[in-house]
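# Survey of secondary and tertiary structure
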Amino acid sequence: APGAQEFIPPDAETLADLRTAAGGCRGCELYQDATQTVFGRGDERARVVFVGEQPGDVEDRQGLPFVGPAGHLLRRAVDEAGIDPTQLYITNAVKHFRFESRGQRRIHKTPDGTHIVACRPWLVAEFARLRPEVVVVLGATAAKALLGPSFRVTRSRGVLLPWPDSAQRPQDFAQVPVGPTGQRESVAQTRLVATIHPSAVLRADDRDSAYAGLVADLRVVAGALS
Ligand code: URA
Ligand code: SF4
């Protein structure tokens, strides 16, 4: 697969330009079976960017990230943690829904490393325009996309971390041209907070404590923003 890079127009300035271009991406085979590209959404000036895994069934049909069950849970947790929902931009490591058909049902299938790598140019392009203050890494796939394979969410969750030296830093994401409208004035340092994926809360044996853990991690984000 060629990867997404060749589908990113060099003159794309805004997130809206990127979203339009991503609609035609064929950087890996996932576009073939999915309904549509699900690009990130939120304010261009968002101070915090959430990165999930890939769209689910509902997101694939509606074309928007985190609008299904995991999204509802995430929004509730964001609210409870005291993060201003207008300060968010929400996106995914992989922009097409990967699934396996079982009869009428479409069962989520975790993206492979190849899909993560193929799709990462979109994530890099989003970061280059957003220059967020805090990146919230939701689960292992987002961690793999941004921080590499050795980062362990369970070991490092819920703490405000500097961007690891080993990973490409969002403030260095500017190899992608950033036009005047997309440029953030100054962000000293992007920091990150890793936490579990909201879908993992939905699957947990003890949902209440898993949810409380997610909210506690997000309070760290709220604290970093205030
Ligand atoms: N899970 C994700 O990781 N992203 C979505 O958009 C929905 C569910
Ligand atoms: Fe392009 Fe990403 Fe979709 Fe693959 S998953 S076709 S790289 S947008």
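Everything numeric here is computed off the predicted structure, so don't read it as measured data.

### Some thoughts on helix α5 (residues 139-147)
Most of α5 sits inside the fold, with seven of its nine residues counted as buried. Taken residue by residue, α5 has G139, T141, A142, A143, A145, L146 and L147 as its buried positions. Those residues of α5 hidden inside the fold are in contact with β2 (48-52), α4 (113-130), β6 (134-138), α6 (153-156) and β8 (191-195). Downstream of α5 by one or two residues, G148 has phi in the positive range, about 90 degrees.

### Examining the packing of aromatic side chains
Applying the stated rule across the entire model yields two aromatic pairs. Plain terms: the ring middles of F39 and W122 are 5.9 Å apart, the flat faces sit at 90 degrees to each other, and that makes the pair edge-to-face. Residue F39 is located in the loop between α1 (15-22) and β1 (41-42), and its partner W122 is located in helix α4; the two are separated by 83 residues in the primary sequence. What makes W122 buried here is its relative accessible area of 1%. In this arrangement the basic side chain of R76 is found over the ring face of Y211, its NZ or CZ atom lying 4.6 Å from the centre. Directly above the aromatic system of F99 lies the positively charged group of R106, at a separation of 4.9 Å from the ring centroid.

### Focus: unusual backbone geometry
What is expected of a backbone is that most residues other than glycine have negative phi and most peptide bonds are trans. Backbone geometry at F66 places phi at a positive 50 degrees, although glycine is not the residue there. Mapped onto the fold, F66 is located in the loop between α2 (57-62) and α3 (69-81). Residue R131 is not a glycine yet carries a positive backbone phi of 45 degrees. Structurally, the position occupied by R131 is in the loop between α4 and β6.

### A look at the site of ligand 1
The local shell around ligand 1 consists of G52, E53, Q54, P55, G56, E59, P65, F66, N92 and H197. Take Q54: an N or O atom from its main chain is 2.9 Å from a nitrogen atom of ligand 1. One of the side-chain N or O atoms of N92 is found 2.7 Å from a nitrogen atom in ligand 1. Protein chains bury 94% of the 230 Å² of accessible surface belonging to ligand 1 in isolation. Residues of the shell around ligand 1, tallied by class, amount to three nonpolar, five polar and two charged.

### A short note on the site of ligand 2
Around ligand 2 lies a shell formed by C25, G27, C28, Y31, V94, K95, H96, A118, C119 and W122. Within the shell around ligand 2, the residues separate by chemical class into seven nonpolar, two polar and one charged.

### Some thoughts on the side chain of K95
Relative to the helices and strands, K95 resides in the loop between β3 (88-92) and β4 (99-102). Within the structure, K95 has its side chain in polar contact with the backbone oxygen of N92 (distance 2.7 Å). There is a polar contact of 2.7 Å between the side chain of K95 and the side chain of E126. Those residues in contact with K95 that lie beyond four places of it in its chain are Q36, T37, V38, F39, P55, C119, W122, L123 and E126.

### Some details on the pattern of salt bridges
For the structure on display, the rule yields nine salt bridges. Close ionic contact of R45 with D43 constitutes a salt bridge, the shortest N to O distance being 3.1 Å. A salt bridge links D112 to R98; the shortest N-O distance between them is 3.3 Å. Of the two residues, D112 is situated in the loop between β5 (105-108) and α4 and R98 in the loop between β3 and β4; the sequence distance between them amounts to 14 residues. A residue is classified by how much of its surface remains accessible, and D112, at 35% relative accessible area, is partly exposed. The exposure class assigned to R98 is buried, which follows from its relative accessible area of 12%. A cluster of three or more residues bridged by salt bridges with shared partners is formed by D57, D60, R61 and R106.

### Let's talk about the sheet that holds β2
Taken in spatial order, the six strands line up as β1-β3-β2-β6-β8-β7 in an open sheet, and their pairing is mixed. Each edge of the open sheet is held by one strand with a lone partner, namely β1 and β7 (161-162). In terms of strand pairing, β6 meets β8 through five bridges, oriented parallel. Bridge pairing in β8 links L138 to T195. Across the sheet, helix α8 (residues 207-225) touches β2, β6 and β8, and the angle it forms with β8 is around 170 degrees.

Each value, and the rule that gives it
- Residue numbers run consecutively from 1 along every chain, following the written order of its sequence.
- Note on labels: chains are lettered from A, ligands numbered from 1, in written order.
- Totals for whole chains, interfaces and linings use all residues, but because this is a predicted model, local features are given only for residues with pLDDT of at least 70 and pairs of side-chain atoms are given and counted only at 80 or more.
- Remark: hydrogens and water are excluded; side-chain values derive from all non-hydrogen atoms of the structure.
- Only protein chains enter the accessibility calculation, which uses a 1.4 Å probe; a residue is then buried when its area is under 20% of its type maximum, exposed when over 50%, and partly exposed in between.
- Where helices and strands are cited, they refer to DSSP runs of H or I of at least four residues and of E of at least two residues respectively, numbered from the N terminus.
- When checking whether two residues touch, look at their non-hydrogen atoms; a contact exists if any pair is within 4.5 Å.
- Paired rings are identified among Phe, Tyr and Trp, the last through its six-membered ring, by centres lying within 6.5 Å, and are further divided according to the angle between planes into stacked (under 30 degrees), edge-to-face (over 60) and tilted (the rest).
- Look at NZ for Lys and CZ for Arg. If either is within 6 Å of the ring centre and within 35 degrees of the ring normal, a charge sits over the ring.
- Whether a residue is near a molecule or strand depends on its heavy atoms: if one lies within 4 Å, it is near.
- As used in this structure description, the phrase polar contact means that two N or O atoms lie within 3.5 Å; if the pair is within protein, one of them must be able to donate a hydrogen and the other to accept it, and residues adjacent in sequence are counted only when both atoms belong to side chains.
- Where accessible areas are quoted, they stem from the Shrake-Rupley method and a 1.4 Å probe; at the residue level, only the protein chains shown are allowed to cover.
- Side-chain classes are defined by residue name, with Ala, Val, Leu, Ile, Met, Phe, Trp, Tyr, Cys and Pro counting as nonpolar, Asp, Glu, Lys and Arg as charged, and the others, Gly among them, as polar.
- Salt bridge, as used here: a side-chain nitrogen of Lys or Arg that lies within 4 Å of a carboxyl oxygen of Asp or Glu.
- DSSP-based pairing: two strands are paired if at least 2 bridges between them are found.
- For every element, the axis is a line fit to its C-alpha atoms; helices are fit only across the contacting stretch, and the angle between N-to-C directions ranges from 0 to 180 degrees.

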